[in-house]
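# Architecture at a glance
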Amino acid sequence: MSLTNDRIKERLIEKFGEQVSAFSEPYGMLTFEAPKEFNLKVLNFLYDDDELKFRFLTDLQAVHYPDNKGRELAVVYHLHNLVDNVRIRFKVFTDINTPDVYTATGLFSGANWMERETYDFFGVNFVGHPNLKRILNVDEMDYFPMRKEYPLEDQTRIDKDDEMFGRG
Amino acid sequence: MGRPVSYNVNVKPLEKDISIAGMPDGHQGEGFFATKLNDVVGLARKNSIWPLPFATSCCGIEFMATMGSHYDLARFGSERVGFSPRQCDLLMVMGTIAKKMGPVVKQVYLQMAEPRWVIAVGACASSGGIFDTYSVLQGIDQVVPVDVYVPGCPPRPEAIIDGVMRIQDLIGKESLRRRNGDRYKQLLESYGIQ
């Protein structure tokens, strides 16, 4: 019997009950969320269980929703079951003022650089990360560029013609 | 098929089998030729530039095309491209330079020996190009002094060759004492280079 989204959902609810919520299937990929304290428990369960063998971390990223007060930063994990070829998306929401999330580096070594990138661009502090510092931006940068509160353009340019950019 | 070719359709006969660089002005007689040292040194330097390609992105591919046999840069004396700054004259920065890469370009520039020239190929190296963002250096002239800018995104190989030819003009006319003069020192000071 192959592993279907319904079966995964059943197993998760059986194990975690009310903690996992917001199940949806955009484009056929099961997506759910859990409170941030449970992120390692859920990841470990998905890894260790012999029926749901989600042992490959495809992606770890964050999204900034400036309008959801109290749940602004979402850390998104994409996991893949290589044996049955099933993918799953797991989201953890956190407040922008205390963006602490437990690190997944103990479980997946690929999470190391991906968490550094997420820290660099969104400011999510991964608790327990061995080397959390900026990876792609300049070390002296004091803001987190991908948060929607900062401008995309380089502010040191003085020669830009506002008319041409639709701002004049 | 597209339109028929309308340019360059008449075969041009080869004028000379070998082309030699022009002779500088001077006074010549039986067995001697007197000219200015500046001219001779300039002639030698400009026809044997050793470029250092600092190719980062798409302009690097155009440079590869320029060095290929169709648009040959080796005709102009730049046969030997070196990747060691200690041995090269011309730093060709081709491609987008991120702010994190800026100190690296500066370091490579510092390792070059005088006389050295810098050519910024492409829109990104000249001014940040279309990437007007927090991570891209808006022009390498923020970290190193540049002699020639080649605009284009990417510039055609003919444009890169034109840039190199202008560098050759600069080299040919450069005074031998320029690098020791005050103005040059001030230029380097403004970049923080001793």
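Residue indices follow the written sequence of each chain, beginning from 1 at its first position. The order in which chains are written sets their letters, starting at A; the order in which ligands are written sets their numbers, starting at 1. Whole-chain, interface and lining totals are the exception, using all residues; otherwise, since this is a predicted model, local features are given only for residues with pLDDT of at least 70 and side-chain atom pairs are given and counted only at 80 or more.

Moving on to the interface of chain A and chain B. Put simply, an interface is often sized by how much accessible area is lost when its parts join up. In this description, a residue-residue contact is defined by the distance between C-beta atoms placed from the backbone, which must lie within 7 Å. Counting from both sides, the interface comprises eight residues of chain A and, opposite them, seven residues of chain B. Throughout, the ten residues Ala, Val, Leu, Ile, Met, Phe, Trp, Tyr, Cys and Pro are labelled nonpolar, Asp, Glu, Lys and Arg are labelled charged, and all others, Gly among them, are labelled polar. Residue classes in the side of chain A that touches chain B are distributed as three nonpolar, two polar and three charged.

Attention now moves to the sheet that holds strand β3 (residues 56–64) of chain A. Residue and element names in this part refer to chain A. Strands are labelled as partners when DSSP assigns at least two bridges between them. Helix and strand assignments come from DSSP, with helices taken as H or I runs of at least 4 residues and strands as E runs of at least 2, each series counted from the N terminus. If you trace the five strands from one edge of the open sheet to the other, you get β1-β2-β5-β4-β3, paired in mixed fashion. Each having just a single partner strand, β1 (21–24) and β3 make up the two edges of the open sheet. On average, adjacent strands in this sheet sit at an angle of 20° to one another, irrespective of strand direction. Pairing between strand β2 (residues 30–34) and strand β5 (residues 86–94): five bridges, direction parallel. Following the sheet pairing, leucine 30 is matched in β5 by isoleucine 88. On the sheet, helix α1 (residues 5–16) packs against β1, β2 and β5 and is oriented at approximately 15° with respect to β2. Simply put, an axis is a line fit to the C-alpha atoms, just over the touching stretch for a helix, and the angle between two N-to-C directions goes from 0 to 180 degrees.

Residue and element names in this part refer to chain B. Burial in this document is a count-based property: other C-beta atoms within 10 Å of a residue's C-beta are tallied, and the residue is buried at 20 or more, exposed at 12 or fewer, or partly exposed in between, with C-beta positions derived from the backbone. Extensive coverage of strand β5 (residues 117–121) is indicated by the burial of five of its five residues. Neither face of β5 is open: one carries Trp117, Ile119 and Val121, the other Val118 and Ala120, and all of them are buried. For strand β4 (residues 90–94) and β5, the ladder comprises five bridges, and the chain directions are parallel. Bridge pairing in β5 links valine 93 to alanine 120. With three bridges connecting them, β5 and strand β6 (residues 148–150) associate as parallel partners. In the strand pairing of β6, isoleucine 119 is matched with valine 148.

This part covers the confidence of the model for chain B. In this model, chain B carries an average pLDDT of 88, and 99% of its residues clear a pLDDT of 70 or more. Here the predicted complex scores 0.81 on pTM and 0.73 on ipTM. Along the chain, pLDDT gives the predictor's confidence residue by residue, from 0 to 100.

So, about the pairing of β1 of chain A. All names here are of chain A. In this sheet, β2 lies alongside β1 in antiparallel orientation, the contact comprising two bridges. Following the sheet pairing, serine 24 is matched in β2 by threonine 31. Here β1 hands over to β2 after five residues, with tyrosine 27 in that stretch at a positive phi of 55°.

Structurally, proline 24 of chain B is set in the segment before β1 (27–29). Ignoring any residue separated from it by four or fewer positions in sequence, one finds proline 24 of chain B in contact with Thr35, Asp39, Val40 and Leu43 of chain B.

All names here are of chain B. Here we have four strands laid out as an open sheet, ordered β3-β4-β5-β6, and parallel in their pairing. This sheet does not close on itself; its edge strands, each paired only once, are β3 (51–55) and β6. Across the sheet, the mean angle from the axis of one strand to that of its neighbour is 20°, orientation sign disregarded. Against the sheet, helix α3 (residues 102–111) engages β3, β4 and β5, with an angle of about 165° to β4.

This brings us to unusual backbone geometry. Going from glutamate 114 of chain B to proline 115 of chain B, the amide bond is cis rather than trans, its omega being -10°. One can find proline 115 of chain B in the loop between α3 and β5. At the junction of cysteine 153 of chain B and proline 154 of chain B, the peptide bond is cis and its omega measures out at -10° in the coordinates. With respect to the helices and strands, the residue proline 154 of chain B is situated in the loop between β6 and α5 (157–173). One non-glycine residue, tyrosine 27 of chain A, lies in positive phi territory at about 55°. You can see tyrosine 27 of chain A is positioned in the loop between β1 and β2.

In this structure, Met92, Val93, Ile119 and Val121 of chain B are the most contacted members of the largest nonpolar core, which totals 36 residues. Mapped by element, the contributors of at least two residues to this core are β3, α2 (58–67), β4, α3, β5, α4 (123–127), β6 and α5 of chain B. Apart from the residues lying within four places of it in its own chain, the contact partners of methionine 92 of chain B are Pro51, Leu52, Pro53, Phe54, Phe63, Ile119 and Val121 of chain B. Here a nonpolar core is just a set of buried residues of the types Ala, Val, Leu, Ile, Met, Phe, Trp, Tyr and Cys, joined wherever their C-beta atoms sit within 7 Å. Ranked by size, the runner-up nonpolar core spans 30 residues in total, among them Val92, Ile96, Phe126 and Phe144 of chain A.

On to α1 of chain A. In a regular helix each residue adds 1.5 Å, so 12 residues correspond to 16 Å; α1 of chain A covers 16 Å between its end C-alpha atoms and thus fits that length. Positive backbone phi, at 60°, marks glycine 17 of chain A, one or two positions downstream of α1 of chain A. Given a helix with a known number of residues, its expected span is that number minus one, times 1.5 Å.

With that settled, the discussion passes to the packing of helix α1 (residues 37–46) of chain B against α5 of chain B. Residue and element names in this part refer to chain B. One can describe the packing of α1 onto α5 by two numbers: an axis separation of 7 Å at closest approach and a directional angle of 155°. Taken together, the axes of α1 and α5 are roughly antiparallel relative to one another. Where α1 crosses over α5, the two elements pack in a sense that is right-handed. Side by side, α1 and α5 meet where Gly42, Leu43, Arg45 and Lys46 of the first sit next to Gln168, Ile171, Gly172 and Lys173 of the second. In the contact of α1 with α5, the residues fall into two nonpolar, three polar and three charged. Each angle receives one of four descriptions, namely roughly parallel if under 35 degrees, roughly antiparallel if over 145, roughly perpendicular if within 65 to 115, and oblique otherwise. By definition, any crossing whose near helix is turned counterclockwise from its far helix by less than a right angle is left-handed, and any crossing with a clockwise turn is right-handed.

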